[in-house]
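Remarks on the overall topology
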Amino acid sequence: MEPAAEALLERYRRDRRKLLEFLLSSGLIKELRTPSGSTNSLSGVDLDSLSADYVLQCLQSGGVIDVAEASKKYTEESAYPVMIDSRRGSSFYLVADPDLVGSPPTRTPPPKSFRQTPDVSRASRRSSASHTDATTSGNECSSTFKIAEPDAPVSPSRVLDIPQLGLPSLRTGLSDDDLREAAYELLLASMFLSGIETHPVDDRKREKSSKFLSGLKNKRDKMQTQSQSFSRHATVMDIARTQMQASHNTSSFPFTISETMDACVRRNLRQLSVRMARREMDLPHIVLGLLNGIFKSDFTHEKSYRQWKNRQANILEELLCTSKDPTIKSHIAKIKDTEEWDIVMSPSERVAVLASLRQVALRLSSSAVQFGVQGETFYWTAGYHLNIRIYQKLLLGLFDVLEEGQLIEEVDELLPFIKSTWSTLGITQRIHNALYCWTLFQQFVSTGNALLLENVVVELQKVISAEGENELELQYINSLACSRRHNGSKMKLNLVLDVVFSISICCDSKLKDYHLNFSQQPSSFRFMVNLLSMVGVPTCKDSGELKLIKLSASNDYAARKLKSYVKGSTEAACRRVASKIYVESKSEKRHPLALLADGLKSIAEKESKVFSPVLSQWCPEALMISVSSLHQLFGEQLKPFLVGVSSISENIRSVLAAANQLDYYLTQLYKSASKANTSIRFSIQDLEHYQIAEVSKPFIIDWVISQHDHILEWTGRAFDLEDWEPLSLQKRQAASIVEVFRIIEEAVDQFFGFNLPLDITHLQALLSIIFHSLDSYLQKLLSQLVPKNHLYPPIPPLTRYTESVMPVIKKKLSECTLVDDNLGCNLNGLTTPKLCVRLNTLQYIQKQTGVLEDGIRKSWAAVSPSKSHDEEEPLEENGSNEALDALFSTTLKIICDTATDGIKKFCEFSGARVIFWDLRERFLFGLYHGDVGSSRLESFLPQIDNVRLSTAVDPPLCLSCFFGTSNAILSLLLAELVLFFRFLMRYAD
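Here's a quick rundown of the structure. Sequence order sets the numbering: in each chain, residues are counted from 1 along the sequence as written. Where local features are concerned, this predicted model is filtered to residues with pLDDT of at least 70; where side-chain atom pairs are given and counted, the filter is 80 or more; whole-chain, interface and lining totals use all residues. Values shown for side chains rest on all heavy atoms present in the structure; no hydrogens or waters enter the calculation.

**Overview of the pairing of strand β7 (residues 489–494)**
- Across 6 bridges, strand β6 (residues 481–486) lies against β7 in antiparallel orientation. Across the sheet, residue R485 finds its bridge partner in β7, namely K490.
- The pairing criterion is simple: DSSP has to find at least two bridges between the two strands. Strands are runs of DSSP state E lasting at least 2 residues, helices are runs of H or I lasting at least 4, and numbering of each runs from the N terminus. Count of turn residues in the β6/β7 antiparallel hairpin: 2 residues, of which N487 carries a positive phi of about 55 degrees.

**As for the packing of aromatic side chains**
- Any Phe, Tyr or Trp ring, taking Trp's six-membered ring, that has another such ring centre within 6.5 Å forms a pair; planes under 30 degrees apart are called stacked, those over 60 apart edge-to-face, and the others tilted. Under the defined criterion, the tally for this structure stands at 19 aromatic pairs.
- Centre to centre, the rings of F751 and F752 are 5.0 Å apart; their planes meet at 85 degrees, and the pair counts as edge-to-face.
- For F752, a relative accessible area of 11% puts it in the buried group.
- Of the aromatic side chains, those joined through ring pairs into one cluster are F699, W703, F751, F752 and F754.
- Put simply, a charge is over a ring when the Lys NZ or the Arg CZ is close to the ring centre, within 6 Å, and near the line of the ring normal, within 35 degrees. Residue placement shows K510 over the ring face of F518; its charged tip is 5.7 Å from the ring centre.
- Lying over the aromatic face of Y665, K601 brings its terminal NZ or CZ to 5.5 Å of the ring centre. Per-residue accessibility, obtained with a 1.4 Å probe over protein chains only, is compared with the maximum for each type, and a residue is labelled buried under 20%, exposed over 50%, and partly exposed between these values.

**Focus on the sheet that holds strand β3 (residues 64–66)**
- Taken together, 3 strands build an open sheet; the order of strands is β2-β1-β3 and the sheet is mixed. The sheet is open, and its two edges are formed by β2 (37–39) and β3, each paired on a single side. With direction set aside, neighbouring strand axes in the sheet form an average angle of 30 degrees.
- In this structure, strand β1 (residues 31–34) lies alongside β3, joined through 3 bridges in parallel fashion. Within β3, the position partnered with R33 by the bridge is D66.
- Set on the sheet, helix α3 (residues 67–78) makes contact with β1 and β3; between it and β3 the angle comes to about 60 degrees. In this analysis, axes come from line fits to C-alpha atoms, helices being fitted only over the stretch in contact, and the angle between any two N-to-C directions falls in the range 0 to 180 degrees. The contact rule is simple, with two residues in contact once any of their heavy atoms fall within 4.5 Å.

**Some thoughts on the environment of N840**
- Relative to the helices and strands, N840 is located in helix α34 (residues 832–863).
- Accessibility expressed as a relative area gives 2% for N840, which makes it buried.

**Notes on the packing of helix α11 (residues 302–320) against helix α12 (residues 327–336)**
- Interaxial distance between α11 and α12 falls to 9 Å at its minimum, and their mutual angle equals 170 degrees. By the angle between their directions, the pair α11 and α12 is classed as roughly antiparallel. Of the residues in α12, those touching α11 at K309, N310, A313, N314, L316, E317 and L320 are I328, I332, I335 and K336.
- Classification used: nonpolar for Ala, Val, Leu, Ile, Met, Phe, Trp, Tyr, Cys and Pro, charged for Asp, Glu, Lys and Arg, polar for all others including Gly. Classifying every residue of the contact of α11 with α12 gives 6 nonpolar, 2 polar and 3 charged. By definition in this entry, angles of less than 35 degrees are roughly parallel, angles greater than 145 are roughly antiparallel, angles of 65 to 115 are roughly perpendicular, and the rest are oblique.

**Topic: helix α14 (residues 347–365)**
- Between its first and last C-alpha, α14 extends 27 Å over 19 residues, near the 27 Å set by a 1.5 Å rise per residue.
- Inspection of α14 places R350, V353, L354, L357, V360, A361, L364 and S365 among the buried residues, and these make up the whole buried set. End-on, the buried residues of α14 take up no more than an arc of 135 degrees, which puts them together on one face. Across α14 from its buried face, at more than 90 degrees, point the exposed residues S348 and Q359.
- Packing partners of the buried residues in α14 comprise α10 (283–293), α11, α12, α13 (338–344) and α15 (378–382). Expected span of a helix, by definition, is 1.5 Å for each gap between consecutive residues, and there is one gap fewer than residues. Arc definition: directions from the helix axis to the C-beta atoms.

**Looking at the packing of helix α25 (residues 556–588) against helix α27 (residues 622–643)**
- Put simply, α25 and α27 touch, their axes get as near as 9 Å, and they point 35 degrees apart. Viewed along their axes, α25 and α27 form a crossing whose handedness is right-handed. Taken together, the residues of α27 that come into contact with α25 (itself represented by K563, V566, K567, T570 and C574) are A622, I625, S626, S629, L630 and L633.
- Looking at the contact of α25 with α27, its residues break down into 6 nonpolar, 3 polar and 2 charged. Handedness of a crossing is defined here by the sense of rotation of the near helix relative to the far one, left-handed for an anticlockwise turn of less than a right angle and right-handed for a clockwise turn.

If you want it as structure tokens, here you go:
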């Protein structure tokens, strides 16, 4: 340990002892227990072995400290890192230096195996069995659900592995950290060689000169602009350093470039750029320049120095070992040997080794080029496997370290500096477009940002459009060989084609389960399919040759491939739904098959709204394939279930309803897709519809029969309790009729709420219930009506004639009859206000019956059997409508006619009641009083007006709410008054 560190550690220990001495001697301690007993002296206590946290806890809890326990706590605490608590969270210091420890293994850890004990397995099966018993009673379901066992572990969704380019492997095993650091050093060298200066040496001289040239404003402005430019370049360099050392590092401990080391590298590269010409700008010269200018003393840790030196030696080995010079390997081996290079060899010997390697590098770089591309060097083709990897790291540095799906804001400033490395790494415009496209695609696969995929399409179009423009460049690209293995076949590709093929493989892999990969980001699906249409579908010929086939509806292989995407993705989505239904069934208390039907319907909805509209451009029958797969899969599970159904419970009913809805929805999707696809003839008979109607029809009939007696009973009870008082000022009908229609509407809603197949027999049974219920109510209501003949007064005997034979015998007797006690009670109950309530009730029946008929017609249209499966729907529509109209004519129309007839009878009775019963005192007993003028009709009109006004003002008598105005009541009363006078003229003198 260094002396400074030892002194600091001793200082911390001394401060800790003083703190414990203060706490123990502060008087807050009640008792200090030691192995030998309680004591008040601290002389025998080793304060360095006591836990300070334990002492503080004892002081807060009561002041009794056990020295043995404090020593034990200290030992336990020393085995763990020291935690530092703060508002942002807890942190701790590591015992080892991460820079010295290095990165952890890059390989993925082996999967943790899960072994289920027999007891757990049996318990799981017992739980599943009890759940099945709870959801199906008796022999409701004898089938076994085979999509996913309840105790089978669900495999997690597989993360898509991004394939790497098929570049030749690195012989020296350079890691990603090594490549990133090499890329950063190359970027700095290119920036310096391009004339960028971040710390100009003549700044001070320019500041002094500005004092003498203060009058020259233009020069002063120029110097200010240059200073700002230097500052901005330094900022860009710092951004590049941050991006290269922290971005997209798969290791837990990413490499870091310390400030001291970064300054040292910049200083050496700046000096190297002064001596180096552009034609000498290659990786071997940069590496040799750094080895010549950076020494072990520049590093704070020996391990960091060894890693840096070995990386430089490995780069030289990758680039120079193509030469047949035997001294190269021996020189590189000396550089890697730390003891020989730094201890045994003298500085002059090290310089000689580096000079020898420099001569080899100059000889190789000045050798003849192969293709004649502008700026081409030997290392373009000899070290392309390293150059391309380094350039990929530079492109990855353009993405934000915090949000990998976003480019940094300084991308427009950093990208030109990255392009300055083209001449060193052998990058052309087309190669850059291809690698940039591949980098964007990799980031999309990692982050799922749809905007990146859109940019991939743009960059790929640049690559495809530039094909064949430059013959020399094409020859050079063809020399950058990559190997690719796909489905057991191996082939050789150039770099650009390898990028295209890698994108095609990734697209193919993601589209095999597009329901999973694009369910959260459906907007990316269109770009992915467009991308696949540009690059083509990977295929292997009989000869073993791999080839990309463009998407086309006319190409058989491409069509089969797209169909396999649809079918495979649909089946995978079904398996995922099936794997969750047992858990959801226990939590939601629903049958698994009902949950499965809902899940498959959700898959079909997303397929029809999101995926099929995109795929239909190349595969018109995509939706029909998906619908057919969903329909067949659920049918295989439903068929044994229907066979085992012997009685209907709530769970069974939910399964039948969900299956019927799924069948109807899939059928409609299939029909709409087949109509849109006119090129291929499809029949709706391709779907084998579920046999739900055969199971549910007896159940619905039994339910309707059970509701018949129930509704009739409640109707009679409501009528018997009726007191014929209006509900309110606005609602003047009887409360009983409102209750009757509420019961009927509940039955109708429940009838159509079953969501089961219905036919005309079911509707006929439902309308029969409604008819009998309303008809029984009307018959009870009409039975309360007393014949109005009982309201007419008896004919008075005429005494003016002296004949022995009474004239009345010669006349026809009047139709009036005597009123018995029961009729008298009924007449007393049929008061004018209550008659008005009855009239309002009859009118309410007429109105609500029409509303009820409209609602039933709409509900029937939604579940009409003619719309479910039959192809000849227009041919059967007229016949079904005629049968429906005939059914309503024999039920609800009769109810309306009966109500209309009742209204007429009650109106006639009401008029007779007012004239011959309510106003009989005024009309009959005052008839012969006074002179003849007092018996004229005009004398009775005020009485009629009083009755009219009372019926118009008094709410119980308000007939005008249905008859338009109270004048209708007046006309009714006048008609009965005219009848009264006719009675008088007939039987009076």
